[in-house]
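# Coordinates in review
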Amino acid sequence: MHQTKQDGRRRAVVDAALTVAGAAILGAALTLRAGVPSPHAVAATAFGLVVPTVAAISVLRRRPRLTTAADRVTLTRIVLTGGCATLVVLSLWGDLPLRSWPLFVMALPAYLLDGVDGWVARRTNTASAAGGRLDMESDAVLFLILSVPLSLSVGPWVLGIGVMRYLFGAASWWRPALRGSLAFSRFRRIVAGTQGGVLVAALIPVLPVSVAAVATAVSLALLMVSFGRDVLTLENADAPPPRDADQAHPGSARQGDWAHG
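So, here is what we can say about the structure in this document. Because the structure is a prediction, the values reported are computed rather than measured. (Residues numbered from 1 in each chain as written. Predicted model: local features only at pLDDT ≥ 70, side-chain atom pairs only at ≥ 80, totals over all residues. Heavy atoms only, no water.)

## As for the overall build of the chain
When helices and strands are tallied, the chain shows 12 helices and zero strands. Counting from the amino terminus, helix and strand elements in the chain follow one another as α-α-α-α-α-α-α-α-α-α-α-α. Each of the 261 residues in the chain was classed as buried or not, and the buried ones make up 45%. (Helix = DSSP H or I, 4+ residues; strand = E, 2+ residues; numbered from the N terminus. Buried < 20%, exposed > 50% of the residue type's maximum accessible area, 1.4 Å probe, protein only.)

## So, the packing of aromatic side chains
Aromatic ring pairs: the centre-centre distance and the angle between the two ring planes describe each pair. The final tally for this structure, using the stated rule, is two aromatic pairs. On the basis of an interplanar angle of 80 degrees and a centroid distance of 5.8 Å, the ring pair of Trp101 and Phe104 is categorised as edge-to-face. In this pair, Trp101 and Phe104 both sit in helix α5 (residues 101–112), three residues apart, roughly one turn of the helix. Classification of Phe104 as buried rests on a relative accessible area of 15%. Between the aromatic rings of Phe168 and Phe227, the centroid separation amounts to 5.3 Å while the plane-to-plane angle is 55 degrees, which identifies the pairing as tilted. One end of the pair, Phe168, is in helix α8 (residues 158–174); the other, Phe227, is in helix α10 (residues 209–236), with 59 residues separating them in the sequence. Under the relative-accessibility criterion, Phe227 is labelled buried at 4%. (Phe/Tyr/Trp six-rings, centres within 6.5 Å; stacked < 30°, edge-to-face > 60°.)

## Brief notes about the environment of Ser172
Structurally, the position occupied by Ser172 is in helix α8. Judged by its relative accessible area of 9%, Ser172 is buried. When the C-alpha atoms of Ser172 and Val231 are compared, they prove to be 9.8 Å apart, with 59 residues separating the residues in sequence. When neighbours within four sequence positions are excluded, Ser172 is seen to be in contact with Leu178 and Arg179. (Contact = heavy atoms within 4.5 Å.)

## Remarks on the environment of Leu159
Among the secondary structure elements, Leu159 is positioned in helix α8. With a relative accessible area of 33%, Leu159 lands in the partly exposed category. Distance in space between the C-alpha atoms of Leu159 and Val148 is 6.1 Å, their sequence separation being 11 residues. Beyond its immediate chain neighbours, meaning those up to four positions away, Leu159 contacts Ser147, Val148 and Ser151.

## Thoughts on the packing of α5 against helix α7 (residues 129–153)
For the pair α5 and α7, interaxial distance at closest approach is 12 Å and the crossing angle is 155 degrees. For the element pair α5 / α7, the angle class is roughly antiparallel. Remark: the crossing between α5 and α7 carries left-handed chirality. For the pair α5 and α7, the contacting residues are Leu103, Ala107, Ala110 and Tyr111 in the first and Leu142, Leu146 and Pro149 in the second. Taken together, the residues that form the contact of α5 with α7 break down as seven nonpolar, no polar and no charged. (Axes fitted to C-alpha atoms, helices over the stretch in contact; angles between N-to-C directions. Parallel < 35°, antiparallel > 145°, perpendicular 65-115°, else oblique. Left-handed = near helix turned anticlockwise from the far one by under 90°. Nonpolar A, V, L, I, M, F, W, Y, C, P; charged D, E, K, R; others polar.)

Pasting the structure below:
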């Protein structure tokens, strides 16, 4: 048992290190491929390391310190998210178009892998609160990163898709009622699950801007309706549901739908 725990801790350290190293190599490769000036390359690569580094630190701070196969899928997504961040910085500097094929190619697998980590966790019976939080935050930060160039090329409202999760979290500190649990909602799950797909599709350079604008506007409207319904439900509840409800229906709360939508 002692050896197993020691192996688990060692594997977590290796996974965290590979996440940061992978993001660094990916960022350097992307900037080299783009042929950008050295200052831009260094800054963009460094920016792409922020999210993977934070994720690696969160893994190392776990108690007990261990990672699962599902965590490794999520960490792979986070490396790709770091690559997206590097490309977004280059696009903001004008080294790449705001809607570019490299960004689309990087964002697509990062989005598609969202369904894989949850499936792996269920298949291996290794679902955990720590893994769910890592998955949730990886979704949220990917949406935020992708919404930045789209807000400048498609329309400023796209940024609302990226910041909605963070606005809800900030509001929950001000309004304790928003920290309550929510019953499962298929509408909420579908809306949350389509946000990333809409953002990724809107990045396709050949897609007319008008089509991307309509798709993202509709997506944001549905997201606002979904969040609005949940805010009203939580505010009007006589008392928060028991915390056991979350354990009985993992992913049923607003944050969980972002993680597994």
